[in-house]
Amino acid sequence: MSSVAVLTQESFNEHRSGLLPEQTVSVAGQDEDALPTYKEAFPPLPEKAASPEGTQETANAWTSKIRPLKSSIITQVFHVPLEERKYKDINQFGEGDQAKVCVDIMHKTGAHLELSLAKDQGLSIMVSGKLDAVMKARKEIVSRLQTQASATVAIPKEHHRFVIGKNGEKLQELELKTATKIQIPRPDDPSNQIKISGTKEGLEKAKHEILLISAEQDKRAVERVNIDKVYHPFITGAYNKLVGEMMQETGARINVPPPSVNKTEIVITGEKEQVALAVAMIKKIYEDKKKNATTIAVEVKKSQHKYVIGPKGNTLQEILDRTGVSVEIPPSDSSSETVILRGEPDRLGQALTEVYAKANSYTVSSVSAPSWLHRFIIGKKGQNLAKITQQMPKVHIEFTEGEDKITLEGPTKDVQMVQSQIEAIVTDLVSRMDYAEISVDPKFHRHLIGKGGVNINRIKELHKVTVRIPPDNEKSNLIRIEGDPQGVQEAKKELLELASRMENERTKDLIIEQRFHRAIIGQKGEKIKEVRDKFPEVIINFPDPAQKSDIVQLRGPRTEVEKCSKFMQKIVAEMVENSYSVSVPIFKQFHRNIIGKGGSNIKKVRDSTGARIIFPTAEDKDQELITVVGTEEAVREAQKELEELIRSLVRVQMIYEHTRTDLTEALVLLHITMYRLSSQSVRTHKVKLDQCEDLGIESLNLKFLIKLCGLHFSAAPPAEAPIQENGEANGEVKEPVDPNAPKKCDVIVISGRKERCDAAVEALKALVPVTIEVEVPFELHRYIIGQKGSGIRKMMDEFEVNIQVPAPEQQSDKIAITGLANHLDRAKEGLLERVKELQAEQEDRALRSFKLTITVDPKYHPKIIGRKGAIITNIRTEHDVNIQFPEKNDENQDQITITGYEHKAIAARDAIKAIVDELEEMISEDITLDSRVHARIIGARGKGIRKIMDEFKVDLRFPQSGAADPNLVTVTGRPELVDEAIDHLLNLEEEYMADVVENEAKMAYMRPSGGSAAAMDEQRGPSKGFVVREAPWTTGNEKAPDMTSSEDFPSFGAPVATKTSPWGPKRF
């Protein structure tokens, strides 16, 4: 018998809309068999293709489109032994010259460097980046952080070009590969010596490679002998003595690969007889050692291998020299601890004894010491530890953070002495030192520290303790206090009191117009200091002037903040009363006259009226406006006094001109220019020469010239001479005169004593204009002329000359200067100086045109630009560059172009990369905030959300209207800042939700009765529901869904009409 399930109409209203009409009839009117089954009413979705072929095709279709990704970043580790370190000062690890060199290498190569110090004081450097950058960084590390050795290798001159290679590529490759600097003599230098500088290991590799190249080119006699690597030490001998003797004896060059090169081939070059002799000697040694030598293997701890090897392998060479036994050490990257000794049987015992002696000559020990005492043992800047290490330099002391022990490594006797000294120090510190830990919310840490560390430094000095406050990225509540037991307890008490006081702290924003901020602060902060002294517990923060903000923030105890707020509002009210202002326009050149000598004039006006008089600064647009500020009465009085000062400023300028016919009728042109406020009136008078004295004109050039020379001018032409008018005498036409003869109107007659006449002639000649030419490149002419001729007019006025620039079509480089002789030199010098300035500007423009393109993911572009372009404007201003982002229709949307000086463009690029790196480290987290509080959090015009984003340095994204989840809010930023912002948002939600619930409770009593959706449903009556057979909940132990349960069937609001479909409504 089949089972029947009934579901209410309200829950499955949408499903009913998708069925046929005959399926919705009442159950009572049809047989049970006619009811639809659950699978018929709700067909299952189609399953995935079951055939393996189809699956395989799908996989191939996807995988064929995916390209394998390979990282272009590689990491290599380089080790610099202690004896080869250039900077060996342990106290300056991580700082000083070594750190500067590493930073410089990173900037030069683009690779990333991480330094660490090994137990043996060797320097381990991990280099990350692209292969080319890593190789360049390696070369820089070797040349700048390792001590350099040098060597020379001689190869035939004709082989040098093969070492250099095509375009120098072989030489560059060789230098990068061996991390050395190779200097090859020039072609005109007869020397065949190639100089190599670098580390010892690099020298051996480079020398080996160069000799190989030479040997390959030397076809006279080259012999390659394959000898097992383990027998190479017997052929070279201790300190390469044996191979040197063979080369000296045979005259052949023998190249044995160094131990660091894993090659078995020994190359011999030279004359055939010499090569043959050398090969025979090498093979004889090899056969002899292969026949007679035996091996023994011993286990030596991996940590002691370096003591067997010795500095630069000297210990191994020493054992080989004394015993004739070769000691084979496994590579450093191998985990094997087996050391193999190879040599004559009767010598192995002695060699084994020396190996164990070297291995056991050093020991490792540890001293128990609480980790919090480690820095006291080390001392300030390592002073305590330096005393011990200076006495026992061979002992290495290692402090491990978080561990209560100190590790010592070095010679046994020295280690024992150092151990006893450190144990004594630890015992002394434990007896007189104590520590305490307190828990304080991280948001109060910066307030405990104070501005510039003033609070925490005061506590440290007062109680003679050290206080460790964890950095923000640790997210830790624990503050650790260390020092004298009594001081620790007193500092703990004071810090807890400060934290408790901060919990009761309040922040208040005062709205004060920005124009009053400077007056409230006062000159050098004197006035605001008085306010802060009056309210020492209140912190007063003024906004940056560039922000144009009116908000002044007060923070401190609640009561003190209220008192300070009222006090500052009273100050502002007084300022508003005394802030009446009037602007008086006065020409810039008269400002100094208004001020007076030593400020006497302006001080008198200020003292008599009580008004403040403000002159324009260099940044002001209008340089001619003087502002008078104060009460209205004082301002009006000060304005009148200023106007009286201005009326007294009159400038009289006098210029003379003479007629050609009669100097006694010379006229004096008198300009009197009166400046009153911003208006200018000019009066011009013409007077006769004999009136000059009546006018008080004593210094005119013409009158001075007459007095100087003791001359007189003829008052009128002789009586018998006819008066000429326009070339006619008494109306009769005169005979034509010589055209080259000077006209009488151009002749000035001077009579008097000869020496005085000569002086007058010279003086008059000095007044005759002269023309000179100056050579100026044609392309600079338009810059000299300036916009609308302003440039050339300025020069003509300054030097009192006329400057003629040739027309553009002439393409001439000559510029003519006309004027008095004593003015020409200054004008020429000024013109040439202007030419130099223009040429310098041209060069500067060329330097500023350097372009740099960087690739940045377009999604980061808005963040780089910043709100209203603030970030990118700051970068442009700071580095003085132009930064161009791609247009919307550009092909390369990820290209950003930087234009400017090369070094500044690179600096701007680094600044953008730093922003991108920071953005790549950011994370995004989604949180659920009730949508009813979103508007409160955002605030009016987004003020609230901007404040949160500025405070926590995060980005907030609220859902758009119609979003699938209206409560979902996305927070983006650095991990630690995102956590802080989320906590703050959740606190705000909790606070605002209380208001929302209260408001909804009030609105429930205000809703109109009747007409609701529930009432309409009740009027319809109960529904019989939708009936199906063989439902899942009827065939097993499951219960039928409870239609009245709000958990099983939550309300999603009013139903939305959707387009009908056999499968029910579409879901998006």
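That block above? That's the structure.
A quick note: this is a predicted structure, and the numbers were derived from the prediction, not measured.

(A) Here's a closer look at the overall build of the protein. Along the backbone of the protein there are 39 helices and 40 strands. When each of the 1068 residues of the protein is scored for burial, the buried share is 33%. Put simply, of all contacts in the protein between residues at least 6 apart along the chain, 66% involve residues at least 24 apart. For the protein, the accessible surface area stands at approximately 68,900 Å², while carbon and sulfur atoms represent 51% of it.

(B) Spatial organisation of the pattern of salt bridges. Inspection of the entire model under this criterion finds 25 salt bridges. Close ionic contact of K289 with E344 constitutes a salt bridge, the shortest N to O distance being 3.7 Å. Remark: E344 occurs in the loop between β13 (338-343) and α14 (345-359) and K289 occurs in helix α11 (residues 272-292); sequence separation between them is 55 residues. Between K863 and D955 there is a salt bridge, and its shortest N-O distance comes to 3.5 Å. You can see K863 sitting in helix α32 (residues 861-865) and its partner D955 sitting in strand β38 (residues 955-957), a full 92 residues away along the chain. A relative accessible area of 13% means that D955 is categorised as buried.

(C) The arrangement of the packing of aromatic side chains in detail. Applying the stated criterion to the full structure yields 3 aromatic pairs. Measuring from centroid to centroid gives 5.3 Å for Y231 and Y286, while their planes differ by 80 degrees, and the two rings are edge-to-face. Taken together, the residues Y231 in the loop between β8 (222-226) and α9 (232-236) and Y286 in helix α11 connect sequence positions 55 residues apart. Taken individually, Y231 and Y286 each receive the classification buried, so the pair is uniform in this respect. Following the ring pairs from residue to residue traces out a cluster consisting of Y231, F234 and Y286. Geometry around Y992 places R936 over its ring, the cationic atom sitting 4.1 Å from the centre.

(D) Quick look at the packing of helix α33 (residues 870-879) against helix α34 (residues 902-920). One can describe the packing of α33 onto α34 by two numbers: an axis separation of 9 Å at closest approach and a directional angle of 150 degrees. Classified by the interaxial angle, the pair formed by α33 and α34 is roughly antiparallel. For the element pair α33 and α34, the recorded crossing hand is right-handed. Here α33 contributes I871, I875 and H879 to the contact with α34, which in turn contributes K904, A907, A908, A911, I912 and I915.

(E) Structural detail: a negative patch on the surface. On the surface, a cluster of negative charge is made up of E619, D620, D622 and E624. On the basis of relative accessible area, D622 is assigned to the partly exposed category, the value being 39%.

(F) Region of the structure containing the sheet that holds strand β25 (residues 625-630). The strand order across the open sheet built from 3 strands is β23-β25-β24, with neighbouring strands paired in antiparallel fashion. The open sheet terminates on both sides in strands that have one partner only, identified here as β23 (580-585) and β24 (612-614). Between one strand and the next, the sheet's axes are offset by a mean angle of 20 degrees, whatever the strand orientation.

(G) View of the sheet that holds strand β16 (residues 405-411). Sheet architecture is open: 3 strands sit in the order β14-β16-β15, paired in antiparallel fashion. With partners counted over all chains shown, the strands left at the sheet margins are β14 (362-368) and β15 (396-399), one partner each. The mean inter-strand angle of the sheet, taken between neighbouring strand axes irrespective of direction, is 20 degrees. Of the pairings in the sheet, the one linking β15 to β16 comprises 4 bridges and is antiparallel in character. If you follow F399 over to β16, its bridge partner there is I406.

(H) A look at helix α13 (residues 314-323). Within α13, burial applies to T315, I319, L320 and T323. Viewed end-on, α13 has its buried residues packed into an arc of 140 degrees, placing them on one side of the element. Those residues of α13 hidden inside the fold are in contact with α9, α12 (305-309), β12 (326-328) and α14. Count one or two residues on from α13 and you reach G324, which has phi positive near 75 degrees.

(I) Seen up close, the pairing of strand β3 (residues 112-117). Taken together, the 6 bridges between β3 and strand β4 (residues 123-129) define a ladder with antiparallel strand orientation. By the bridge assignment for β4, L115 is matched with I125. The antiparallel hairpin formed by β3 and β4 contains 5 residues in its connecting segment, where Q121 sits at a positive phi of about 70 degrees.

(J) Examining helix α10 (residues 241-250) more closely. Residues of α10 that are buried: V243, M246 and T250. Projected down its long axis, α10 shows its buried positions confined to an angular sector of 60 degrees, all on one face. Pointing more than 90 degrees away from the buried face of α10 are the exposed residues Q248 and E249. The elements touched by buried residues of α10 are α9, β9 (253-255) and α11. The positive-phi residue at the C-terminal boundary of α10 is G251, with phi of around 80 degrees.

Conventions and cut-offs
- Residues numbered from 1 in each chain as written.
- Predicted model: local features only at pLDDT ≥ 70, side-chain atom pairs only at ≥ 80, totals over all residues.
- Heavy atoms only, no water.
- Helix = DSSP H or I, 4+ residues; strand = E, 2+ residues; numbered from the N terminus.
- Buried < 20%, exposed > 50% of the residue type's maximum accessible area, 1.4 Å probe, protein only.
- Contact = heavy atoms within 4.5 Å.
- Areas by Shrake-Rupley, 256 points an atom, 1.4 Å probe, with all protein chains shown as cover.
- Salt bridge = Lys/Arg side-chain N within 4 Å of Asp/Glu carboxyl O.
- Phe/Tyr/Trp six-rings, centres within 6.5 Å; stacked < 30°, edge-to-face > 60°.
- Lys NZ or Arg CZ within 6 Å of the ring centre and 35° of its normal.
- Axes fitted to C-alpha atoms, helices over the stretch in contact; angles between N-to-C directions.
- Parallel < 35°, antiparallel > 145°, perpendicular 65-115°, else oblique.
- Left-handed = near helix turned anticlockwise from the far one by under 90°.
- Patch = residues over 30% accessible without salt bridge, like charges linked within 9 Å, V, L, I, M, F, W, Y side chains within 5 Å.
- Lys, Arg positive; Asp, Glu negative; His and termini not counted.
- Charge placed at Lys NZ, Arg CZ, Asp CG, Glu CD.
- Pairing = 2+ DSSP bridges.
- Arc of directions from axis to C-beta.

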